Amino acid sequence: MKLNANPQGIRELNILIKISQNIISTLQYEKVLQIISDGMAELFEIESAAIYTLEENNELILSATTPPLDPNMPESLRRALLENHPHVRNAIESKKPQHIPDTGKEKLSPSEQNIVDLRHLQSLLYFPFIQEEKSIGVLILGTCNKTRNFNKEEISFGQTIANQLSVAIQNTLLHADLKRHKENLEKLVHEKTLELDKTIDELKKTNKELISKNDIIFNQNAELKTALINLRNTQAQLFQAEKMASLGTLTAGVAHEINNPLNFIAGAYEGLNNYLNSKCIDDKNEFSVFLGSIEKGIKRISNTVMGLNYFSSENNSMDEKCQIHFVIENCLAIINSKINEKIEILKEFSPDELIVKGNISKLHQIFLNLLGNAIEAITEKGKIKITTERKNNWIITEIIDTGKGIPKNIIGNITDPFFTTKEAGQGTGLGLSITYNLVLEHNGKLEFESEITKGTTARVLLPTFEKHE
Ligand SMILES: Nc1ncnc2c1ncn2[C@@H]1O[C@H](COP(=O)(O)OP(=O)(O)OP(=O)(O)O)[C@@H](O)[C@H]1O
Ligand SMILES: [Mg+2]
């Protein structure tokens, strides 16, 4: 074999081109080794070739042969130890080609002898594959049935080609490495994606459970709120009922206790009056002034007692014919002690008699609460104007005070049970909630208008008596 322009040289060139084209067309490590083995056998015109690759642990692996390996050959039979193949070891360690011109005359190890016998090998050539100063394997070319003495030129040419082919082997190894890394990475990404999917599913499930639990809590919360409002209303009503019952007993007792001595006084007054009238007394006028004030006092006491009786009446009927002016006057008489000289009471009553159908005692409570609040709202000097009128089928009463007014942010809450701006222990905050319920019981409406520091108007609208008839 001589690489020059003669037919033999062209044949060698063609084989080399074929080898490199075949290598370029594949990136598979095993295939590349097989191409090299076949190509080199063809190049050197010999029958047998083999490639051993070297593992980290100095183990040799038979990676390609010409003729090709049986693909079913077990992996164990393809493995050999470097120490059992001294010629391979020499090639690898010296990084130089080895030549056995005649196997019959060479000292061979038992493993080497075994292969030589098996394949009838006569002459052998060993070319190490060297990459970056390291031997990565060895190519063995062998003649069968006849010996051949390779010359120096051929051996050097073979090693040059083997060196070139090492680059191709290294590239495919790198590619295989890369492929393995890529596959590992893909596997890892796949596993992580599966894990993530699982976690997302679990999260979705948990989220769903949380949402439904949240719904339950939300509903329970709404139910609890309603229950609390109901409880507060019931509590307020019970409180009011209790208060009214004891107040009724008290006022009835007080009225009785006052009525008795009042009867004595009234009797004595009558007697005194009659006596003075029957006698001829000069300074009668002077006496009549005293008698007049006694009479006035008696009337006022008996009016208050009567008012108290109306207020504390235990009658629960809603069919009573109630005169609004009478109720308001009564309330003013009862509350008189709370009205000091700083407060002026103005009345703008309708000239007509205004009658509603309802419960006199409850109407007393409505106006007493509203008047009480108006009085409490006036801290300095002020006025409370009470107006009544009939409009369509409504009897409208307004209690207009010039007190401190109600801030806008609380005006919506003042009829809530227990809502109060008074200090603890000063008020129950039940006044307006009871008033509101009592107005509703009369099929009426309760409205408030207020301006801070200017005053408040409390408006009670009650259906006229006639409307019920
Ligand atoms: N005419 C008014 N002027 C200013 N604020 C008022 C007036 N009427 C009611 N309010 C406000 O509404 C709140 C609730 O009144 P409500 O009569 O229900 O309770 P209260 O007067 O505080 O207590 P209680 O009536 O038990 O003595 C009062 O605390 C007050 O802040
Ligand atoms: Mg009040």
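Residue positions are given per chain, counting from 1 as you read along its sequence in written order. Each chain is given a letter, starting from A, and each ligand a number, starting from 1, according to the order in which they appear as written. Reporting in this predicted model follows two pLDDT cut-offs: at least 70 for local features of residues, and 80 or more for side-chain atom pairs to be given and counted; totals over whole chains, interfaces and linings ignore these cut-offs and use all residues.

A. Region of the structure containing the overall build of the protein. Regarding its fold elements, the protein presents 10 helices and 13 strands. For the protein, whose C-alpha radius of gyration is 61 Å, the value lies well above the compact-globule estimate of 23 Å for 469 residues. Principal-axis analysis of the C-alpha atoms places the extent of the protein at approximately 185 × 45 × 45 Å. Every C-beta atom is placed from the backbone, and the number of other C-beta atoms within 10 Å of a residue's own sets its class: buried at 20 or more, exposed at 12 or fewer, partly exposed in between. Looking at the 469 residues of the protein, the share that counts as buried comes to 26%. By definition, residues are in contact whenever their C-beta atoms, placed on the basis of the backbone, come within 7 Å of each other. Partitioning the contacts of the protein with sequence separation of at least 6, the portion at a separation of at least 24 is 68%. Helix and strand definitions here come from DSSP, where helices need a minimum of 4 consecutive H or I residues and strands a minimum of 2 consecutive E residues; each element is numbered from the N-terminal end. Two things to know: the radius of gyration comes from C-alpha atoms, and the globule rule equals 2.2 Å times the number of residues to the power 0.38.

B. Molecular detail of the site of ligand 1. A residue counts as near a molecule or strand when its C-beta atom, positioned from the backbone, falls within 6 Å of it. For ligand 1, the set of nearby residues contains 22 residues, the closest of which are Ala 377, Thr 420, Gly 427, Gly 431 and Leu 432. Of all elements in the fold, only helix H8 (360-377) and helix H9 (431-441) reach the threshold of two or more residues within the shell around ligand 1. Under this grouping Gly is polar, as are all residues other than the nonpolar Ala, Val, Leu, Ile, Met, Phe, Trp, Tyr, Cys and Pro and the charged Asp, Glu, Lys and Arg. Among the residues making up the shell around ligand 1, the classes are represented as 7 nonpolar, 12 polar and 3 charged.

C. Seen up close, the pairing of strand E10 (residues 382-391). Following DSSP output, two strands are said to pair if at least two bridges run between them. Pairing of strand E8 (residues 343-348) with E10 involves 6 bridges; the strand directions are parallel. Note on E10: the bridge partner recorded for Lys 347 is Ile 386. Two elements, E10 and strand E11 (residues 394-401), share 8 bridges in a ladder whose sense is antiparallel. Looking across to E11, one finds that Lys 391 is bridged to Trp 394. In sequence, E10 turns back onto E11 through a hairpin of 2 residues, with Asn 392 there showing a positive phi of about 50°.

D. Spotlight on the packing of H8 against H9. Closest axis-to-axis distance for the H8/H9 pair is 9 Å, and the angle between their directions is 145°. The two elements H8 and H9 meet at a crossing, and its hand is left-handed. Mapping the contact onto sequence places Lys 362, Gln 365, Ile 366, Asn 369, Leu 370, Gly 372 and Asn 373 in H8 and Gly 431, Leu 432, Ile 434, Thr 435, Leu 438, Val 439 and Glu 441 in H9. The class makeup of the residues in the contact of H8 with H9 is 6 nonpolar, 6 polar and 2 charged. Axes here refer to lines fitted to C-alpha atoms; in helices the fit is confined to the stretch in contact. Angles between the N-to-C directions go from 0 to 180 degrees. When the near helix sits turned anticlockwise from the far one by under a right angle, the crossing is termed left-handed; a clockwise turn instead gives a right-handed crossing.

E. How the structure looks around the domain arrangement of the protein. How far each domain reaches was decided by an automatic or database domain assignment. Annotation of the protein at the domain level lists domain 1 (7-150) and domain 2 (315-468). Computed over C-alpha atoms, the centres of domain 1 and domain 2 are 118 Å apart.

F. Layout of the nonpolar core. Nonpolar cores are identified as sets of buried Ala, Val, Leu, Ile, Met, Phe, Trp, Tyr and Cys residues joined via C-beta atoms within 7 Å. Counting 38 residues, the largest nonpolar core has Ile 36, Met 40, Tyr 126, Val 138, Leu 139, Ile 140 and Leu 141 as its most contacted members. Secondary-structure elements contributing two or more residues to this core are helix H1 (7-25), helix H2 (29-43), strand E1 (48-54), strand E2 (59-66), helix H3 (86-94), strand E5 (121-131), strand E6 (134-144) and helix H5 (152-278). Considering every element that reaches this core, the biggest residue donor is H2, with 8 residues. Ranked by size, the runner-up nonpolar core spans 29 residues in total, among them Val 327, Leu 371, Ile 384 and Ala 458.

G. Here's a closer look at the sheet that holds strand E13 (residues 455-463). In space, the 5 strands of this open sheet follow the order E8-E10-E11-E13-E12, with mixed pairing throughout. Of all strands in the sheet, those with a lone pairing partner are E8 and strand E12 (445-451), marking the two edges. When the angles between neighbouring strand axes are averaged without regard to direction, this sheet yields 15°. Running at roughly 20° to E11, H8 makes contact with E8, E10, E11 and E13 of the sheet.

H. Broad picture of the sheet that holds E5. Across the sheet, which stays open at both edges, the 6 strands sit in the order E3-E2-E1-E6-E5-E4 with antiparallel pairing between neighbours. The open sheet terminates on both sides in strands that have one partner only, identified here as strand E3 (79-81) and strand E4 (98-100). Each adjacent strand pair in this sheet contributes to an overall mean axis angle of 25°, direction not counted. Bridge count between E1 and E6: 6 bridges; the pairing is antiparallel. Bridging across to E6, Tyr 52 finds its partner in Val 138. The strands touched by H2 are E1, E2 and E6; relative to E2, the strand with the most contacts, the crossing angle is about 60°.

I. A look at the pairing of E5. Extensive coverage of E5 is indicated by the burial of 9 of its 11 residues. Sheet topology note: the E5/E6 ladder contains 10 bridges and is antiparallel. Following the sheet pairing, Ile 130 is matched in E6 by Ser 135. Counted along the chain from E5 to the antiparallel partner E6, the turn is 2 residues long, and its residue Glu 132 has a positive phi close to 50°.

J. How the structure looks around the environment of Gly 412. The topology assignment puts Gly 412 in the loop between E11 and H9. For Gly 412, a count of 10 C-beta atoms within 10 Å corresponds to the exposed category. Considering only alpha carbons, one finds Gly 412 and Phe 448, 36 residues apart in sequence, at a separation of 9.3 Å.

K. Seen up close, unusual backbone geometry. Cis peptide bonds are those with omega within 30 degrees of zero, and the linkage from Thr 66 to Pro 67 qualifies with -5°. Its place among the elements puts Pro 67 in the loop between E2 and E3. Here Thr 453, not a glycine, exhibits a phi torsion of approximately 70°, which is positive. In this structure, Thr 453 sits in the loop between E12 and E13. A count of 8 C-beta atoms within 10 Å places Thr 453 in the exposed class.

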